[in-house]
Amino acid sequence: MQASAAAFIALVMLFYHFMLAPYLNMQGPLLFASYLLHYVAPVLYLLWWIFGLPHGRLGWRRIPLMLIPGVIYVAAVLLRGAVVNEYPYDILDAGKNGYGGVAIGVLALLVGVSILSAILVGADRLLARRSVTAA
């Protein structure tokens, strides 16, 4: 679960940086809060994952399992959106993009988080080797 959270938090940071931040004009406390939420918190979590956890438990077969929290989140957002006609992100707005457009966006995000998950599995293996070598 920690690696899955790391993959999703990295995706959120990258998505915010490249897809949302260029179009936002935040200032003052809102800008500060946004930086804390979208940059500082993800980096701190990733550092904790690297340095604060034991490694060597992840395998390549776990990658599909690491995607489950994101799939559940998208399903919940779409179900809620169908009821209240409100979506947290344009990419998930079925009223605006249609369910086909949302499916394409979600598929792209799943590919992205799959790549990040694979990177984390590889990093987990390297970190496990380093800790065995250092011991």
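Residues numbered from 1 in each chain as written. Predicted model: local features only at pLDDT ≥ 70, side-chain atom pairs only at ≥ 80, totals over all residues. Heavy atoms only, no water.

### Describing the overall build of the protein chain
Reasoning step 1: Helix and strand counts for the protein chain stand at five helices and zero strands.
Reasoning step 2: Tracing the protein chain from N to C terminus, the helices and strands come up as α-α-α-α-α.
Reasoning step 3: In terms of overall dimensions, the protein chain has C-alpha extents of about 55 × 40 × 20 Å along its principal axes.
Reasoning step 4: Within the protein chain, the fraction of its 135 residues that count as buried is 33%.
Reasoning step 5: By sequence separation, contacts in the protein chain at least 24 residues apart represent 66% of the contacts at least 6 residues apart.
Reasoning step 6: Here the protein chain displays about 8,900 Å² of accessible surface, and carbon together with sulfur accounts for 71% of that area.
Reasoning step 7: The positive charge centre, built from 8 side chains, and the negative charge centre, built from 4, are 20 Å apart in the protein chain. (Helix = DSSP H or I, 4+ residues; strand = E, 2+ residues; numbered from the N terminus. Buried < 20%, exposed > 50% of the residue type's maximum accessible area, 1.4 Å probe, protein only. Contact = heavy atoms within 4.5 Å. Areas by Shrake-Rupley, 256 points an atom, 1.4 Å probe, with all protein chains shown as cover. Lys, Arg positive; Asp, Glu negative; His and termini not counted. Charge placed at Lys NZ, Arg CZ, Asp CG, Glu CD.)

### Some points on the environment of L36
Reasoning step 1: Here L36 shows up in helix α2 (residues 28–52).
Reasoning step 2: By relative accessible area, L36 is classed as partly exposed at 37%.

### A word on the packing of aromatic side chains
Reasoning step 1: The final tally for this structure, using the stated rule, is three aromatic pairs.
Reasoning step 2: Seen in terms of ring centroids, Y35 and Y39 are 5.0 Å apart; in terms of plane orientation they differ by 45°. Their pairing is tilted. With Y35 and Y39 both in helix α2, this residue pair falls four residues apart, about one helical turn.
Reasoning step 3: Note on Y35: relative accessible area 44%, which makes it partly exposed.
Reasoning step 4: On the basis of relative accessibility, which here comes to 19%, the residue Y39 falls in the buried class.
Reasoning step 5: With 5.3 Å between their ring centres and 55° between their planes, Y45 and W48 make a pair best called tilted. Here W48 and Y45 lie together in helix α2, a separation of three residues that amounts to about one turn.
Reasoning step 6: Taking relative accessible area as the criterion, Y45 reaches 22% and is therefore assigned partly exposed.
Reasoning step 7: Connected via pairs of aromatic rings, a cluster forms that spans Y16, Y35 and Y39. (Phe/Tyr/Trp six-rings, centres within 6.5 Å; stacked < 30°, edge-to-face > 60°.)

### Here's the deal with the layout of surface pockets
Reasoning step 1: The volume enclosed by the largest pocket comes to roughly 490 Å³.
Reasoning step 2: The wall of the largest pocket is formed by 22 residues, among which F8, L11, V12, Y73 and L109 lie closest to the centre.
Reasoning step 3: At eight residues, the largest contribution of residues to the lining of the largest pocket is made by helix α1 (residues 2–20).
Reasoning step 4: In the lining of the largest pocket, the residues fall into 19 nonpolar, three polar and no charged.
Reasoning step 5: Each pocket or cavity is described by its volume, and for the second largest pocket that value is around 310 Å³.
Reasoning step 6: Taken together, the elements giving at least two residues each to the lining of the second largest pocket come down to α1 and α3 (63–66).
Reasoning step 7: In terms of residues, the lining of the second largest pocket owes the most to one element, α1, which gives three residues.
Reasoning step 8: Grouping the amino acids of the lining of the second largest pocket by side-chain chemistry returns eight nonpolar, three polar and three charged. (1 Å grid on protein atoms, 1.4 Å probe; cavity = no way out; pocket = protein on both sides within 12 Å on 5 of 7 lines; lining within 4 Å. Points joined across faces, edges and corners; volume = space filled by probe spheres on them. Nonpolar A, V, L, I, M, F, W, Y, C, P; charged D, E, K, R; others polar.)

### A look at a nonpolar patch on the surface
Reasoning step 1: A contiguous nonpolar patch, built from F32, L36, V40, V43, L44, L47, I50 and F51 and spanning about 760 Å² of accessible area, is present on the exposed surface.
Reasoning step 2: You can see L47 is positioned in helix α2.
Reasoning step 3: Residue class for L47 comes out partly exposed when judged on its relative accessible area of 39%. (Patch = residues over 30% accessible without salt bridge, like charges linked within 9 Å, V, L, I, M, F, W, Y side chains within 5 Å. Salt bridge = Lys/Arg side-chain N within 4 Å of Asp/Glu carboxyl O.)

### Some words on the packing of α1 against α2
Reasoning step 1: α2 packs onto α1 with a crossing angle of 145° between their chain directions and a minimal axis gap of 9 Å. Relative to α2, the crossing made by α1 is left-handed. On α2, the residues that touch Q2, A3, A5, A6, I9, A10, V12, M13, Y16 and H17 of α1 are S34, H38, Y39, A41, P42, V43, Y45, L46, W48 and W49.
Reasoning step 2: Of the residues in the contact of α1 with α2, the class split is 16 nonpolar, four polar and no charged. (Axes fitted to C-alpha atoms, helices over the stretch in contact; angles between N-to-C directions. Left-handed = near helix turned anticlockwise from the far one by under 90°.)

The values reported here are purely geometric and, on their own, carry no functional implication.
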